[in-house]
Amino acid sequence: MSQNSLIEELRWRGLVQDIMPGTEEQLKREMTAGYIGFDPTADSLHIGSLVPILLLIHLQRAGHKPVALVGGATGMVGDPSGKSEERNLLSEETLRFNQAGVKKQLEKFLDFTAGKKNAAEIVNNYDWFREMSFLHFIRDVGKHITVNYMMAKDSVKKRLESENGMSFTEFTYQLVQGYDFYWLYQNKNCKLQMGGSDQWGNIVTGTELIRKKTGGEAFAFTCPLVTRADGGKFGKTEKGNVWLDAAKTSPYQFYQFWLNASDEDAKKWIRMFTLLDKSEVESLLAAHEPNPHQRILQKKLAEELTVFVHSREDHAFAVKASDILFGNAGADALQELDETRFLQLMDGIPAHRVKKEQLGAGYDIVGFLADTGIFPSKGEARKMWQAGGISINKCKIGTDKATIAMADLLRDKYLLIQKGKKNYYLVVAE
């Protein structure tokens with residue numbers, strides 16, 4: 001991608017909402033350092049952070065320099081933007097731990113090659129706020145921005161009108177973020193800030209501070225906040241956030257999130273979240289349109305994102321796991337999985353426990369299905385068993401199998417019970 005086409009490319013992808021006049025011209029004029037802030041509120045980013053990560057990737061691919069700011073200082077304050085109430089403040093120790101996790105993830109996506117002209121850089125605003133006194137801050141920063149200016153921001157107005165109100169700590173957040181931009185402008189020649197549309201007020205406070213303190217000009221653009229067609233919150237499932245850390249959200253669950261996207265969302269997200277070029281995306285859209293039941297878009301979206309965040313191997317496993325649970329794969333495919341992959345596959349499946357000694361002499365299957373809670377009663381369990389609607393470890397069973405025994409256990413510990421087509425239960429023998 002050439003420098004000339006960056007904003008045009010981002011607009012096509014649906015990644016530009018507000019843009020400061022002169023930004024496009026600045027990006028065409030010279031290699032520009034641009035930054036995005038990441039608050040270390042957890043030790044992993046979640047998929048809501050993928051858009052800012054991708055903005056930095058697109059910036060670097062266009063020949064510019066990406067700067068990722070991990071907010072050790074701003075993380076102590078908490079951004080009020082889009083929040084209905086104040087967040088719990090984190091300890092320095094927790095923040096340091098979280099910063100290390102976030103930094104490790106960002107290093108996977110950006111090119112930090114030493115000596116490269118537009119090598120990515122990670123900075124921590126705690127480094128320049130650590131020694132700054134309160135008096136210094138209110139004299140050298142606060143005096144440049146009026147209270148009227150700060151109160152006009154949506155993030156402030158909405159909170160002031162709410163029943164929870166807003167603490168002075170959160171009220172100062174936009175000044176703290178504004179100073180970040182000023183510091184980076186002065187020390188890193190950083191002339192651009194990017195972020196979600198809810199950050200616009202904080203971002204322009206930074207450009208205003210730069211103008212008033214230096215007489216210089218800085219630039220900015222924001223991307224739309226990602227939404228779902230059904231009105232649900234993007235990046236949330238019944239289990240909570242979809243994380244980028246495989247230990248928090250398994251690659252299989254991550255893959256399933258994208259695979260389950262609606263057609264309307266998939267059409268939008270294939271442009272926003274992948275690095276596929278325009279011709280590839282248009283070909284996929286054209287192939288999907290007459291055959292939506294084949295879920296061509298969703299499969300490609302899930303593949304691109306799983307490989308991007310995890311690995312090609314994780315994607316291959318996710319496809320195999322989907323085939324085991326929802327496709328035609330049988331008992332052999334289940335037996336082939338090592339324990340790590342098996343447990344990843346079981347992530348999210350309701351788990352029940354049983355004593356191993358109960359299996360020693362053979363556990364009456366109807367009693368087993370009711371006692372473990374898979375069925376609410378023996379009557380319902382018997383009815384489904386007699387109708388041939390039960391599978392154990394992907395093998396359909398009939399009335400000729402009346403007991404569960406030790407020999408049925410996978411790895412001497414697990415039973416995967418399936419009732420009907422899509423209802424799975426994991427039973428762990430202890």
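See the structure shown above.
Basis of the calculations
- Residues numbered from 1 in each chain as written.
- Predicted model: local features only at pLDDT ≥ 70, side-chain atom pairs only at ≥ 80, totals over all residues.
- Heavy atoms only, no water.
- Axes fitted to C-alpha atoms, helices over the stretch in contact; angles between N-to-C directions.
- Helix = DSSP H or I, 4+ residues; strand = E, 2+ residues; numbered from the N terminus.
- Parallel < 35°, antiparallel > 145°, perpendicular 65-115°, else oblique.
- Left-handed = near helix turned anticlockwise from the far one by under 90°.
- Contact = heavy atoms within 4.5 Å.
- Patch = residues over 30% accessible without salt bridge, like charges linked within 9 Å, V, L, I, M, F, W, Y side chains within 5 Å.
- Areas by Shrake-Rupley, 256 points an atom, 1.4 Å probe, with all protein chains shown as cover.
- Salt bridge = Lys/Arg side-chain N within 4 Å of Asp/Glu carboxyl O.
- Buried < 20%, exposed > 50% of the residue type's maximum accessible area, 1.4 Å probe, protein only.
- Polar contact = N/O pair within 3.5 Å; in protein donor to acceptor, adjacent residues only side chain to side chain.
- Pairing = 2+ DSSP bridges.
- Right-handed = clockwise from strand over helix to strand, strands pointing away.
- Core = buried A, V, L, I, M, F, W, Y, C linked by side-chain atoms within 4.5 Å.

Asks: Could you give an account of the packing of helix 14 (residues 263–272) against helix 15 (residues 278–288), with specific residues and numbers?
Replies: Between two packed helices, the angle of one axis relative to the other and the distance separating the axes together describe the packing. Running from N to C, helix 14 and helix 15 point in directions that differ by 165°, and their axes come no closer than 10 Å. Relative to helix 15, the element helix 14 lies roughly antiparallel. By crossing handedness, the relation of helix 14 to helix 15 is classed as right-handed. In this structure, helix 14 contributes D263, K267, I270 and R271 to the contact, and helix 15 contributes V281, L284, L285 and H288.

Asks: An account of a nonpolar patch on the surface is requested, with residue identities and associated values reported.
Replies: Nonpolar side chains collect at one region of the surface, where F134, L135, I138 and F168 lie side by side and expose about 450 Å² of accessible area between them. For the nonpolar patch, the element with the most residues is helix 7 (residues 134–140), which contributes 3 residues. Looking at the element boundaries, L135 is found in helix 7. Overall, L135 belongs to the exposed group, its relative accessible area being 59%.

Asks: Could you give me a rundown of the side chain of D265, with the residues and numbers involved?
Replies: Mapped onto the elements of the fold, D265 is located in helix 14. Within polar-contact distance, the side chain of D265 engages the backbone nitrogen of A229 at 2.9 Å. In this structure D265 touches T227, R228 and A229, once residues within four positions along its chain are discounted.

Asks: Please provide a residue-by-residue account of the pairing of strand 1 (residues 33–38), values included.
Replies: Across a regular strand the side chains alternate sides, sitting on one face of the sheet and then on the other. For strand 1, the buried fraction is high: 5 of the 6 residues fall into the buried class. Sheet topology note: the strand 1/strand 2 (residues 65–70) ladder contains 6 bridges and is parallel. Residue pairing in the sheet places G34 in a bridge with P66 of strand 2. Of the crossover connections in this fold, the one passing from strand 1 over helix 3 (residues 50–61) to the parallel strand 2 is right-handed. Bridge analysis of strand 1 against strand 4 (residues 190–196) gives 3 bridges, and the strand direction is parallel. Along strand 4, the bridge assignment pairs Y35 with Q193.

Asks: Quick rundown of the nonpolar core? Include the residues and the values.
Replies: Within the largest apolar cluster, 75 residues are counted, with the highest numbers of intra-cluster contacts made by F38, I47, L244, W258, W269, F273 and L345. With 8 residues, the top contributor of residues to this core is helix 3. F38 has contacts with L45, S49, P52, I53, L56, A68, L69, V70, G71, V102 and L106, leaving out every residue within four places of it along the chain. Membership of the second largest hydrophobic core comes to 28 residues, among which are L69, I145, F181 and L209.

Asks: So what's going on with the environment of G362? Residues and values would help.
Replies: Positionally, G362 belongs in the loop between helix 20 (357–360) and strand 9 (363–364). The partly exposed category is assigned to G362, whose relative accessible area is 27%. The spacing of G362 and T274 is 88 residues in sequence and 52 Å in space, taken between C-alpha atoms. If we skip the residues at most four places from it in the chain, G362 touches T403 and I404.

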